[in-house]
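Summary of the model geometry
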Amino acid sequence: MVEPENDTITEDEAALYDRQIRLWGLDAQKRLRGSRMLLVGLRGVGAEICKNVVLCGIKTLTLMDHTTVTEDDMFSQFLICKDSIGKNRAEASMERTKELNPNVQIIVDTANVKDKPKEFFLSFDLVCLTCCDSETLLKLNDICHENKIKFLATDVFGYYGYMFSDLGEHDFVEEKTKLIKHEPKAQGDTNKKQKKEETETIMVKKSAKFCCLKAALTVDWTTETSSKRLKRLSSVYFLTQIFLKFREIYNRDPSSDHLEEDSRNLIKLKDEVMKNLQVDTAKVADDFTKFCMGELSPACAVVGGIVGQEVIKAFSGKDTPHNNFFFFDGTEGSGIVDQIGSDQ
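Before going into details, it helps to say that this report is about the structure given with it. (Residues numbered from 1 in each chain as written. Predicted model: local features only at pLDDT ≥ 70, side-chain atom pairs only at ≥ 80, totals over all residues. Heavy atoms only, no water.)

**Brief notes about the overall build of the chain**
- When its secondary structure is counted, the chain shows 12 helices and 10 strands.
- Here the C-alpha coordinates of the chain stretch approximately 85 × 50 × 35 Å along the principal axes.
- With 344 residues in all, the chain has 50% of them scored as buried.
- For the chain, the proportion of contacts with a sequence separation of at least 24, taken over those separated by at least 6, is 66%.
- Surface exposure of the chain reaches about 17,500 Å², of which carbon and sulfur atoms provide 47%.
- Side chains of the chain carry 47 positive and 56 negative charges; the gap between the two charge centres is 6 Å. (Helix = DSSP H or I, 4+ residues; strand = E, 2+ residues; numbered from the N terminus. Buried < 20%, exposed > 50% of the residue type's maximum accessible area, 1.4 Å probe, protein only. Contact = heavy atoms within 4.5 Å. Areas by Shrake-Rupley, 256 points an atom, 1.4 Å probe, with all protein chains shown as cover. Lys, Arg positive; Asp, Glu negative; His and termini not counted. Charge placed at Lys NZ, Arg CZ, Asp CG, Glu CD.)

Listed below in structure tokens is the structure:
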């Protein structure tokens, strides 16, 4: 949990953040104000996360993306202008990001996150990755886990989206309502006594332990305990691994420009991934290929909103965080929080 900054919040800041100070308290806002975050990937869901964390008032946000703006970005990336096609995504997103909240320092880095040394990540309190392949996700999660840096990974593939959270050993407080009973002195007939009940809100300290991404993706689903969970496990858990495998092999995401070819390859990868996990391929229906192309703006808004919420929880130490997955299935209009991994 980030420690609150010692200096007081100015009158302008108090006015700007008035609603959220009332919601989660002054100390939580001070912790947010002292937090440094790295956001990798400025496509649709990255733009949603960027907007949410900048508005809440963190100290510093570093936007990292080495890729260029394409026409597809016009459908879901609202931080860039139409004349930005061909420009670097992070640089194209900077101006509108700064306009959201001038009190947040915005830093742009156009390097490839794969080229950054371990020491680069040690200056951040939280690292959030989008648009990364599985090798990069696993490598950076290990770095963050070992150095007690909070870690989030997320992506949207058409109607589907996920978020993974590894906050290490995370301390937080949660509001609880406590019942206070008063029994007033009897007046007149003692049989007419009435108990007066009041409530007060108290803060309860709690802690949660998170597992690393590798443990969450390599569960042995053949054990008795795990196999029982398969019936209620979201298929998006397996779809996420299929999409990440596709990205690893083809260095891009499934696209409607290559609809037939990508659909065939996705089906092949589904069989491969499910076989490696020793799970029946029927768990994932083949028609998922119709709903996974591109980034849908509504799906980005839902997933980006959840990630923004979890960033606030991680920095402020207020309220119970999602431990450790959130899965969104736009074909069903459902979002599910699940805990998967060795520490479940």
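**So, the side chain of glutamate 48**
- Inspection of the secondary structure assignment puts glutamate 48 in helix H4 (residues 44-56).
- Judged by its relative accessible area of 7%, glutamate 48 falls in the buried class.
- In this structure glutamate 48 touches Phe78, Cys300, Ala301 and Gly304, once residues within four positions along its chain are discounted.

**Considerations on the sheet that holds strand S2 (residues 60-64)**
- The strand order S3-S2-S1-S4-S5-S6-S9-S10 describes an open sheet built from eight strands, whose pairing is mixed. A single partner strand is all that each edge strand has here, and the edge strands are strand S3 (105-109) and strand S10 (334-338). Across the sheet, the mean angle from the axis of one strand to that of its neighbour is 15 degrees, orientation sign disregarded.
- Docked against the sheet, H4 engages strand S1 (36-40), S2, S3, strand S4 (126-129) and strand S5 (150-157), running at close to 165 degrees with respect to S1.
- Contacts from helix H5 (residues 89-100) reach S2 and S3 within the one sheet, and its direction differs from that of S3 by about 175 degrees. (Pairing = 2+ DSSP bridges. Axes fitted to C-alpha atoms, helices over the stretch in contact; angles between N-to-C directions.)

**Observations concerning the packing of aromatic side chains**
- Evaluation of the coordinates by the stated rule reveals 15 aromatic pairs.
- With centroids separated by 4.7 Å and ring planes inclined at 35 degrees, the aromatic side chains of phenylalanine 157 and phenylalanine 243 adopt a geometry described as tilted. With phenylalanine 157 in strand S5 and phenylalanine 243 in helix H10 (residues 236-250), this residue pair connects regions lying 86 residues apart in the sequence. You'll find phenylalanine 157 and phenylalanine 243 in the same group, each marked buried.
- Between tyrosine 237 and phenylalanine 325, the ring centres sit 5.9 Å apart and the planes meet at 90 degrees, which makes this aromatic pair edge-to-face. Of this pair, tyrosine 237 sits in helix H10 while phenylalanine 325 sits in strand S9 (residues 325-329), and the two are 88 residues apart along the sequence. The two residues tyrosine 237 and phenylalanine 325 agree in class, both being buried. (Phe/Tyr/Trp six-rings, centres within 6.5 Å; stacked < 30°, edge-to-face > 60°.)

**Description of the nonpolar core**
- In this structure, Trp221, Tyr237, Phe238, Phe288 and Phe325 are the most contacted members of the largest nonpolar core, which totals 51 residues.
- Broken down by element, the residue count for this core peaks at eight residues, all from H10.
- In this structure, tyrosine 237 is in contact with Ala216, Leu217, Thr218, Val219, Trp221, Phe325, Phe327 and Ile340, ignoring residues within four places of it in sequence.
- Residues Val53, Met163, Phe210 and Phe326 belong to the second largest nonpolar core, which totals 40 residues. (Core = buried A, V, L, I, M, F, W, Y, C linked by side-chain atoms within 4.5 Å.)

**Looking at the pattern of salt bridges**
- Under the counting rule described, the total for this entry stands at 19 salt bridges.
- Its salt-bridge partner being arginine 43, residue aspartate 253 comes within 3.1 Å of it at the nearest N-O pair. Taken together, the residues aspartate 253 in the loop between H10 and helix H11 (259-277) and arginine 43 in the loop between S1 and H4 connect sequence positions 210 residues apart.
- Between lysine 318 and glutamate 175 there is a salt bridge whose closest N-O contact spans 3.5 Å. Within this pair, whereas lysine 318 is found in the loop between helix H12 (297-316) and S9, its partner glutamate 175 is found in strand S7 (residues 169-182), the two being separated by 143 residues in sequence.
- For lysine 318, a relative accessible area of 8% translates into the label buried.
- Here the salt bridges share partners, and the residues they tie into one network are Arg43, Asp155, Arg247, Asp253 and Glu295. (Salt bridge = Lys/Arg side-chain N within 4 Å of Asp/Glu carboxyl O.)

**Topic: the pairing of S4**
- Burial along S4 is two-sided: Leu126 and Cys128 facing one way and Val127 and Leu129 facing the other are all buried.
- Inspection of the sheet shows S1 paired to S4 by four bridges, in the parallel sense. Considered in S4, the bridge of leucine 39 is made with cysteine 128.
- Chirality of the crossover, the property in question, places the unit of S4, helix H7 (residues 134-146) and S5 among those that are right-handed. (Right-handed = clockwise from strand over helix to strand, strands pointing away.)

**Examining H5**
- Taking 1.5 Å of rise per residue, 12 residues should cover 16 Å, and H5 covers 17 Å from first to last C-alpha, within 8% of that figure.
- Residues of H5 that are buried: Arg89, Ala90, Ala92, Ser93 and Thr97. Take H5 and look down its axis: the buried residues cluster within an arc of 155 degrees, on one side only. Residues of H5 that are exposed and point more than 90 degrees away from the buried face comprise Glu95 and Glu99.
- As for H5, its buried residues are in contact with H4, S2 and S3.
- One side-chain oxygen at the N-terminal end of H5 lies 2.9 Å from the backbone nitrogen of alanine 90; it belongs to asparagine 88. (Expected span 1.5 Å × (residues − 1). Arc of directions from axis to C-beta. Polar contact = N/O pair within 3.5 Å; in protein donor to acceptor, adjacent residues only side chain to side chain.)

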